[in-house]
Structures are given as structure tokens and as C-alpha cells.
Amino acid sequence: MATRSKPRSLPAKNRNGAAEVPTPESVQNGVASDGGSKVPVAVPRAAVNAFVNETQYAPAPESADHVRLEKKYPLFIDGQWQEPSDGGWMKTINPATEATIAEVATAGQNDVERAVVAAREAQGKWARLPALERGKYLFRVARLIQERSRELAIIESMNGGKPIREARDVDLPIVAQHLFYHAGWADKLQYAFPGETPAPLGVVGQIIPWNFPLMMAAWKIAPALACGNTVVLKPAETTPLTAMKLAEIFQDAGLPEGVVNIINGGGSTGAALVNHAGLDKIAFTGSTEVGKGIMKALAGTGRQYTLELGGKAAHIIFEDAPLDEAVEGIVNGIFFNQGHVCCAGSRVLIQESVADVVVARLKRRLDTLIVGDPLDKNTDIGAINSREQLNRITTLVNAGIEEGACIYQPPQPLPSRGFYFAPTIFTETAQSHRIVQEEIFGPVVTIQTFRTPEEAIEKANNTRYGLSAGVWTDKGAKIFKTTSALRAGVVWANTFNRFDPSAPFGGYKESGVGREGGLQGLRSYLRFE
Ligand code: NDP
């Protein structure tokens, strides 16, 4: 059987190709400075290197032979597969191989109109159903998703580029959780909002991105339906396929026709949905730029909106933190899903006294990350979602180098076909650098240092975003003091990227408006009479 080597651990290089200091050598053969105390390192680094170099992983590809995909997917309107009238067709590819997987119909203006009309016609009946019945449909959909989760995880990985391990162990369980959670609320809304009389908003247009296609669909559809609304959903152009599978599941679950309509298409389809006067709300997740445009388009129309936009989360590592765990937290914070995560911990702030040792350990950890075939169960970092996104990441990384930051990338080669980017660390960064200010949305992290908690908080809040943040320390009081000073919608302590359907998620400042999940998320799909 063919085998492949674990990445070799070569000396770190800076952007000029020279060996970079400090490297893990300072913690190799004797003792490491760890927050002031000397910690013995049991195994000499040379022995570790030799072991790593000799270790080989056999490929462990997930079998996709049981996955059923049609060659063409029309629009899903009024519970039926319908040909586009004024739209067209587009190919959808596998970003890991650039091979075409299927064709999907794109919706034109008339198609958007048909979908909105179908949703409107279905809404009254859906809202008048006993709430318990609405809940039963959601429970049924959740169970069908669980039953087909392996197939769905594979398609998510094939169409989006994310590692199968993440699609299987993170995305799909969260999708099911959101449906179960909101199914439970459907007949209990009067208890969720005691003393108030909640009623559905009506018909909701929902526009979702490509980083968590099925998860975002579940986050949007589950609360909307639980509250008695009907939906027109537009998936992202590059990741339509799991939404098409979801449409099949709605049919299998016997969901009444028109309750969920799914139309694919590009930005113009999204814009047509946003500008449709027949909608009562737009729920959007995506870039801040498009979110601002939606806000302008809806201003003064009386239509509601929630916007979940970009982020540039600070991930603060105090000197008293458990450093090995913090390094794992940094890796999970930025390299999960290739860094295509709005709440990614893309700005790491490390207390000066432990910065060298944390950076050294982080680089060492980077050398062990496997970049490659998303369907291989060994893979840590899969394919970048599209060529466009790869170009965007490359442009920003080049800007970081030109601005004088110091880059480190592990030396392992990338696959020759498909869209890949090596996990990247930037040290010697300044607050003014584009890579510190702008959302890169790729496997790229910037490192800054700080001396006092006040400086950490000031640097963390010095951004136009405010979606998430993370803090690592062993002092409970420091957790409370720091987290309450951070202007971010979600702050994790001694962990990162944890999600729960009962916890509201959303941002401050340019990271968005409104919350998804929990009671706050439910509220945004209701009006109160
Ligand atoms: P977009 O904001 O363009 O896409 C998000 C969704 O909005 C997609 O379904 C997209 O369709 C749709 N859309 C695009 N233009 C319009 C419009 N004018 N009106 C209504 N809907 C529209 O994000 P990109 O895919 O272009 O990614 C660009 C950057 O945005 C990333 O690099 C990242 O920084 C950020 N981003 C943030 C996300 C988050 O979770 N907060 C998610 C995705 C991106 P289509 O796919 O066809 O363009």
C-alpha cells in the first residue's frame, strides 16, 4: 500500500530564507523556559525528529462509493424540483481536485419570484398547524440527518474542501443539535417569552456562505420553521450540494410544500432575494461588505434583518496559561476548517514572558499538521474552498511579507492539484499591518505580544470587528476581568470554537447585527403582539 511521510521537521525559515530565531531548538535537549519555571523535556528533540521522519501514515480515505449524487439539480420550489425559467445552470466542483461534481440550476428574477410566492402561500397554513406538529417535522428532519450523516459529511467535504473528520465530527452533529433544539421550542414559545404573545414574522429570505454550508442552513431554517415562518434559502455559489440533499430530506420527511424553498445562484440571485418586497426578513451570513449593502437595501423598508458578518478574533495567551493546551487552542482556533471561520482566532496575543516558548511550540505543532485530501481521515487541513478565496489569501499573505512581518510555514509540499494553502504563522507583526486588520479567512495567524492585561485588552479591541475572542489563563478572576472587557459577542475561556444551539452567537461593531441560537435567536424570527 502506498504510504506518505509525515512532514519533515526542517529548521524554520524567515521570509529571506534564513533560519529564524527563536526555533524550538531552545527547548530541545535540556530544559525549556515555561513562564519562568524550568520544565524538563524528557525526550531529546533529535530523537523526536527521527521518529517523526520515520513515521508514515497509510492513506485512510473515506469511501464515497455509497454517496448518491444526481448529475443535475434543478431549483427546489414548492416542494418540487423545478427547471429555472430565467436563470441558468452552473457547474459545482470539488476544490480538492477541481473536478466537476454536478450541475445546479441558478435562479433568475422570475425564479426568485416563484420561490417567494410559494413560501407566502405555504406560510399561513404552516403557522396555523398545531405547534407540536411543526416540532414533529423538525424532529423528523433531525433524525433523517442523523441517519444520513455519513453521506452528508462526505458531500460537505467533497464540495467544500473541509476535512472529513471535521465534517463528520463537528458539522453534522451541530446540524442535528440545532434541529433538535429548535424542534423542542416549537410548542413552547409562550414559555420562552412569558407574558408576551409571539407570532411568526412571515416569509424569510436566508442567504448563507460556503464555509459551513449545511450548518448555516440548519442555523437559519430550524428557528425560522419552529416559529411558524416559511423560508427561501440561497446557498453559496461554490457549495450548493448539501442543501440539495437537505431538500431531498425535506421531501422524505413529508414537510408541507413551499415551507422551505432552496434556490441556488450567485450574488445577483442573493441581491434579487434581498430586494424582493414580498419578504418579511433577511437573515444573512457572509462578508461585512455584502452585509453593509443588505443593510442599505433594507433601510426604510420595514423588513427586518439579522447579519452575521466577518471577524478578526483576538486569542489571548497569558503567561500563567497551560501552554501546551493553549497551543492546541491556537491550532483549533485558526486551522479548523482551513481558517474559513468567521470567529477564527486569527490574531494571537501572547504575554511577552512566554512568547518565545509558545511560538516555538506552535511551529513545532505546525510541522505535524497534515495538509491534503479532505476525504482522508488523517487530514488536518483540507482544500481552500475556491480559487478566488485562495487568491484572496495569497494576496493578503504577500502583503504581510511586504509590510515586514516574519512568515513561517512548515516545509511539507502541497498537493499539485486543487486549491491548497500551507498553515502560516506571522511573527513581528504590527497593529497597522493589513494581516492584523483584515479578515484573511484562511489558515493564517498573526502573533503579537503584550506585557499587561490592559495592553492585551486594548490590542484585542483595536479592530473594526467584534465577533469572538479567547482567553487562556489559570486564574478565574483574570478570566472574568478580561472577558468582560472584550468587545466580542462570544468569548471562550481556556477553549475555542465551541458551539451550542442554546448559546446566542453574533457580533458587535462590523461583525453584525442580531444573534443566532438560544432565546435571542428565536426572538429574531418572531414579532410580539
Ligand atoms: P459573500 O458575502 O460574498 O457571500 C456570502 C453569501 O452572500 C453567498 O451566498 C453569496 O453568494 C451571497 N451574496 C454575494 N453578493 C450578494 C449580494 N450583493 N446580495 C446578496 N447576497 C449576496 O462572501 P464571499 O464568498 O465573497 O467571501 C468573501 C469574504 O467574506 C471572505 O474572504 C471572508 O472574509 C468573508 N466571509 C465571511 C463569512 C462569515 O461566516 N462571516 C462567510 C463567507 C465569507 P455567492 O456565493 O454566489 O457569491
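Keep in mind that what you see is a predicted model, and the values were worked out from it rather than measured.

Asker: Can you walk me through the packing of aromatic side chains in this structure?
Answerer: Each aromatic ring pair is characterised by the separation of its centres together with the angle its planes make. The full count for this structure, using the stated rule, is 14 aromatic pairs. A centroid spacing of 5.8 Å and a plane angle of 45° characterise the contact between W126 and Y137, whose relative ring orientation is tilted. Taken together, the positions of W126 in helix α2 (residues 109-128) and Y137 in helix α3 (residues 131-147) put the pair 11 residues apart, joining distant regions of the chain. Taking the relative accessible area as the measure of exposure, W126 reaches 2% and is therefore buried. Both rings, one in F193 and one in F528, keep their centres 5.2 Å apart while their planes meet at 75°; by these two values the pair is edge-to-face.

Asker: So what exactly am I meant to see when it comes to the nonpolar core here?
Answerer: One broad trend across soluble globular proteins is that nonpolar side chains are buried collectively. Within the largest apolar cluster, 109 residues are counted, with the highest numbers of intra-cluster contacts made by I145, I221, L225, V260, I262, I317 and I350. No other element matches helix α7 (residues 213-226), which puts 11 residues into this core. With residues up to four places along the chain from it excluded, the contact list for I262 reads L75, F76, L233, P235, A243, M244, A247 and F250. Membership of the second largest hydrophobic core comes to 23 residues, among which are A119, V232, I294 and L309.

Asker: Sorry if this is basic, but what is going on with the confidence of the model for the protein chain here?
Answerer: In low-pLDDT segments, the atomic positions of the prediction should not be examined closely. Across the protein chain, the average pLDDT comes to 92, with 90% of residues at or above 70. Of the regions scoring below 50 in pLDDT, residues 1-41 engages in 94 contacts with residues more than four places distant in sequence or in other chains.

Asker: Help me understand the pairing of strand β16 (residues 314-317) in this model?
Answerer: Of the two faces of β16, the one lined by A314 and I316 and the one lined by H315 and I317 are each fully buried. Sheet analysis places β16 next to strand β17 (residues 347-351), joined by 4 bridges and oriented parallel. Note on β17: the bridge partner recorded for I317 is I350.

Asker: I'm lost on the environment of H276 in this one. Help?
Answerer: Mapped onto the fold, H276 is located in the loop between α9 (267-274) and β14 (281-285). A relative accessible area of 15% places H276 in the buried class. A sequence separation of 163 residues divides H276 from E113, and the C-alpha atoms of the two residues are 7.8 Å apart. In this view, H276 contacts V112, E113, V116 and R303; residues no more than four positions away in its chain are not counted.

Asker: Honestly, the site of the ligand in this entry has me stumped. Any pointers?
Answerer: Around the ligand, a shell composed of 28 residues is seen, among which W210, S287, L309, R392 and E439 lie nearest. Between the ligand and G267, the relevant distance is 3.4 Å, taken from an oxygen atom to a main-chain nitrogen or oxygen of the residue. Isolated, the ligand exposes 850 Å² of accessible area, and the fraction of that covered by the protein chains is 85%. Broken down by secondary-structure element, the contributors of at least two residues to the shell around the ligand are α9, β14 and α13 (387-402). Here the shell around the ligand gets 4 residues from one element, more than from any other, and that element is α9. Its residues assigned to classes, the shell around the ligand comprises 13 nonpolar, 10 polar and 5 charged.

Asker: What should I look at first to understand the side chain of H433 in this one?
Answerer: By the element assignment, H433 lies in the loop between β19 (424-427) and α14 (434-437). Polar side-chain contacts of H433 include one of 3.2 Å to the backbone oxygen of E403. Every residue in contact with H433, bar those within four places of it in the chain, is listed here: E403, A405 and E428.

Asker: Even after reading the chapter, I still don't get the pattern of salt bridges, so can you show me in this structure?
Answerer: Pairing is possible between side chains that carry opposite charge, provided their charged atoms lie close to one another. Enumeration according to the criterion identifies 30 salt bridges in this entry. The partner of D187 in a salt bridge is K188, and the shortest N-O contact between them spans 2.9 Å. A residue is classified by how much of its surface remains accessible, and D187, at 25% relative accessible area, is partly exposed. Residue K188 is classed as partly exposed on the basis of its relative accessible area, which comes to 34%. Salt bridges sharing common partners tie together R148, E151, K245, E248 and D252.

Asker: Is there a simple way to think about the sheet that holds strand β20 (residues 444-450) in this case?
Answerer: Backbone-to-backbone hydrogen bonds join strands into a sheet, with any given pair of strands oriented parallel or antiparallel. With respect to topology, 7 strands assemble into an open sheet ordered β18-β19-β20-β17-β16-β21-β22, the strand pairing being mixed. In the strand order of this sheet, the two ends are held by β18 (406-408) and β22 (490-493), each with one partner. In this sheet, adjacent strand axes meet at a mean angle of 20° when their direction is disregarded. With 5 bridges connecting them, β17 and β20 associate as parallel partners.

About the thresholds
The residue numbering used here restarts from 1 in each chain and proceeds along that chain's sequence as written. Under the rules for a predicted model, residues below a pLDDT of 70 receive no local features and side-chain atom pairs below 80 are neither given nor counted, while totals for whole chains, interfaces and linings still include all residues. Side-chain calculation: all heavy atoms of the structure are included, whereas hydrogens and water are not. Centres within 6.5 Å are what make two rings of Phe, Tyr or Trp a pair, Trp counting through its six-membered ring; a difference in plane orientation under 30 degrees is then read as stacked, over 60 as edge-to-face, and the rest as tilted. Runs of E in the DSSP output that reach at least two residues are strands. Runs of H or I that reach at least four are helices, and both are numbered from the N terminus. Each residue is assigned to one of three classes by its accessible area relative to the maximum for its type, calculated with a 1.4 Å probe on protein chains only: buried under 20%, partly exposed between the two thresholds, exposed over 50%. Throughout this description, the term nonpolar core refers to a set of buried Ala, Val, Leu, Ile, Met, Phe, Trp, Tyr and Cys residues connected via side-chain atoms within 4.5 Å. By the convention used here, residues are in contact when the closest approach between their heavy atoms is within 4.5 Å. Summary of the metric used: pLDDT quantifies the predictor's per-residue confidence within the range 0 to 100. In this description, strands pair whenever DSSP reports at least two bridges between them. Think of it this way: one heavy atom of a residue within 4 Å of a molecule or strand is enough to make that residue near it. Here a polar contact means two N or O atoms within 3.5 Å. Within protein one must be a hydrogen donor candidate and the other an acceptor candidate, and residues neighboring in sequence count only if both atoms are side-chain atoms. Residue-level accessible areas treat just the shown protein chains as cover; the underlying method is Shrake-Rupley with a 1.4 Å probe. Classes in brief: Ala, Val, Leu, Ile, Met, Phe, Trp, Tyr, Cys and Pro nonpolar; Asp, Glu, Lys and Arg charged; the others, Gly included, polar. What counts as a salt bridge is simple: a side-chain nitrogen of Lys or Arg found within 4 Å of a carboxyl oxygen of Asp or Glu. With axes taken as lines fitted to C-alpha atoms, and helix axes fitted only over the stretch in contact, angles between N-to-C directions fall between 0 and 180 degrees.

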